[in-house]
Amino acid sequence: MIYLDNHATTPMDPRVLAEMLPWFSQRFGNPSSRGHALGWEAEEAVENARAQVAALLSVRPDEIVFTSGATESNNLALRGILEASGPGPHHVITAATEHEAVLAPCRKLSERGIRVTVLPVSPQGGIDVSELASAITPTTRLVSIMAANNEIGTLQPLDTIGRLCRERNVLFHSDVAQAAGKVPLDLQAAGTDLASVSGHKLYGPKGTGALFVRSGVTLEPLVEGGGQENGLRSGTLNVPGIVGLGKACELAMLELQGAAANGTVPLRDLRDRLWERLTARLPRIHLNGAADGRLPGNLNVSFDCIKAESLLMALDGKVAISTGSACASTGGKPSHVLAALGLSSERIDGAVRIGLGRFNTPEEIDRAATLLCEAVEHLRSLSPNWE
Ligand SMILES: *Cc1c(COP(=O)(O)O)cnc(C)c1O
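Owing to the predicted nature of the structure, the values given are computational and were not obtained by experimental measurement.

Quick notes on the packing of aromatic side chains
Okay, so step 1: The full count for this structure, using the stated rule, is one aromatic pair.
Okay, so step 2: Aromatic pair Tyr203 and Phe359: ring centres 5.7 Å apart, planes at 85 degrees, arrangement edge-to-face. Of this pair, Tyr203 sits in the loop between β7 (194-198) and β8 (209-213) while Phe359 sits in the loop between β13 (351-355) and α13 (362-382), and the two are 156 residues apart along the sequence.
Okay, so step 3: Note on Tyr203: relative accessible area 5%, which makes it buried.
Okay, so step 4: Sitting over the face of the ring of Trp386, Arg380 holds its NZ or CZ atom 4.0 Å from the ring centroid.

This is the structure:
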């Protein structure tokens, strides 16, 4: 099987696994144990990982809180900030194409009387910053806009949004789960106050993540107990997972800097090669999202006269891709992201998400292109609507 579903999850890098293994068994100490060497070495490993995560985001290590993933980080950011904000009225601004892990907590806040504005996006998936500027009011507490979309890969202008929020004295949270390690991020310069990271989206372990919280920003924890992570996330730290997340961030940074590129083809070139092969052979196919300003590994494509579900069946498990987002596809609902672009229902029904990753080879991409073209041609030959 050729794995092209790297927005749903990425395979763990073998170098990450190697780094994690000792921390499951021989080096099993609790980083909160202050009385012996097993505790000290675990604490040191956690602090090393904290520095690795911070470096990838260009922030300070003491601004990183370890969590179980981007879902928890998003919840902690949104609920934590609003709960720390005292009596209202309060206002939150987000966008229609955000991940459910942002939209669901926003709905919860709205049930509690907080006003939530959900900004529309352009047909390419970008927000209009002037629209954001007019949505900000004196009660606006937080703006939450993702760095890169998990279905269409569209990148949002973090710097511009950050500058605006800074000027208007509004906190800015960004879900960077898809962007971290894929495109350079300087959250310090971008004026971001909070950002959510997921380990398994950047070749690290599942169930790991982090929230960047700019120093001086106060929030209420979701989980209370032993007071770990500056009281923001109680519970004994997942040392092997944290070590893995740190290593994954270190490797991602090397990859971004090109230091790990020992003769391998950059992701963007592989993605463009796949698109060229598809468009060279198949008429009437459409790219959903932005042609420029998208994640290097992302393609979201609709094929006229083809239902995405049928295409997945016709591929017979030889190429792993998805319809819409992995979460939305289990619910059988049309993608809220593609709907927000204003696409027709035919275009949405025909959309597949293709996510290339670190371990894909040019040979795999050529093979996947052939398999996709053959499947589409076969389905079209059976379709009464295709001529
Ligand atoms: C995967 C993903 C999440 C959820 O991350 P988990 O670590 O699986 O909880 C949140 N936001 C975006 C943009 C994602 O791609």
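Quick look at the packing of helix α3 (residues 70-83) against helix α4 (residues 100-111)
Okay, so step 1: Orientation of α3 relative to α4, taken along the N-to-C sense of each, is 30 degrees, at an axis distance of 9 Å. Classified by the angle between their axes, α3 and α4 sit roughly parallel to one another. The two elements α3 and α4 cross, and the hand of that crossing is right-handed. Within the contact between the two elements, α3 uses Thr71, Asn74, Asn75, Leu78, Arg79 and Leu82 and α4 uses Ala101, Val102, Pro105, Cys106 and Leu109.
Okay, so step 2: In terms of residue class, the contact of α3 with α4 is built from seven nonpolar, three polar and one charged.

Details of the side chain of Arg380
Okay, so step 1: One can find Arg380 in helix α13.
Okay, so step 2: Buried charge without a partner: Arg380 forms no salt bridge, and the closest opposite charge is Asp304, 5.6 Å away.
Okay, so step 3: Discounting residues that sit within four places of it in the chain, Arg380 has contacts with Leu282, Pro283, Arg284, Ile285, Phe303, Asp304, Ile306 and Trp386.

Quick look at the site of the ligand
Okay, so step 1: Taken together, Gly69, Ala70, Thr71, His99, Met146, Asn150, Asp175, Ala177, Gln178, Ser198, His200 and Lys201 are the residues near the ligand.
Okay, so step 2: At a separation of 2.7 Å, an oxygen atom of the ligand approaches a polar side-chain atom of Ser198.
Okay, so step 3: When isolated, the ligand has an accessible area of 380 Å², and the protein chains bury 88% of it.
Okay, so step 4: Taken together, the residues of the shell around the ligand break down into three nonpolar, seven polar and two charged.

A short note on the sheet that holds strand β5 (residues 140-144)
Each strand in a sheet pairs with another by means of backbone hydrogen bonds, the pair being arranged parallel or else antiparallel.
Okay, so step 1: Ordered in space as β2-β8-β7-β6-β5-β3-β4, the seven strands form an open sheet in which the pairing is mixed. Every interior strand has two partners, whereas the edge strands, β2 (64-67) and β4 (115-119), have only one. Averaged over all pairs of adjacent strands, the angle between strand axes in this sheet comes to 20 degrees, irrespective of strand direction.
Okay, so step 2: Taken together, the three bridges between β5 and strand β6 (residues 171-175) define a ladder with parallel strand orientation. Each bridged residue has a counterpart across the sheet, and for Ser144 the counterpart in β6 is His173.
Okay, so step 3: Sheet strands touched by helix α2 (residues 37-57): β2, β7 and β8. Its angle to β2, the strand with the most contacts, is close to 110 degrees.

Rules used in this analysis
- Residues numbered from 1 in each chain as written.
- Predicted model: local features only at pLDDT ≥ 70, side-chain atom pairs only at ≥ 80, totals over all residues.
- Heavy atoms only, no water.
- Phe/Tyr/Trp six-rings, centres within 6.5 Å; stacked < 30°, edge-to-face > 60°.
- Helix = DSSP H or I, 4+ residues; strand = E, 2+ residues; numbered from the N terminus.
- Buried < 20%, exposed > 50% of the residue type's maximum accessible area, 1.4 Å probe, protein only.
- Lys NZ or Arg CZ within 6 Å of the ring centre and 35° of its normal.
- Axes fitted to C-alpha atoms, helices over the stretch in contact; angles between N-to-C directions.
- Parallel < 35°, antiparallel > 145°, perpendicular 65-115°, else oblique.
- Left-handed = near helix turned anticlockwise from the far one by under 90°.
- Contact = heavy atoms within 4.5 Å.
- Nonpolar A, V, L, I, M, F, W, Y, C, P; charged D, E, K, R; others polar.
- Lys, Arg positive; Asp, Glu negative; His and termini not counted.
- Salt bridge = Lys/Arg side-chain N within 4 Å of Asp/Glu carboxyl O.
- Near = heavy atom within 4 Å.
- Polar contact = N/O pair within 3.5 Å; in protein donor to acceptor, adjacent residues only side chain to side chain.
- Areas by Shrake-Rupley, 256 points an atom, 1.4 Å probe, with all protein chains shown as cover.
- Pairing = 2+ DSSP bridges.

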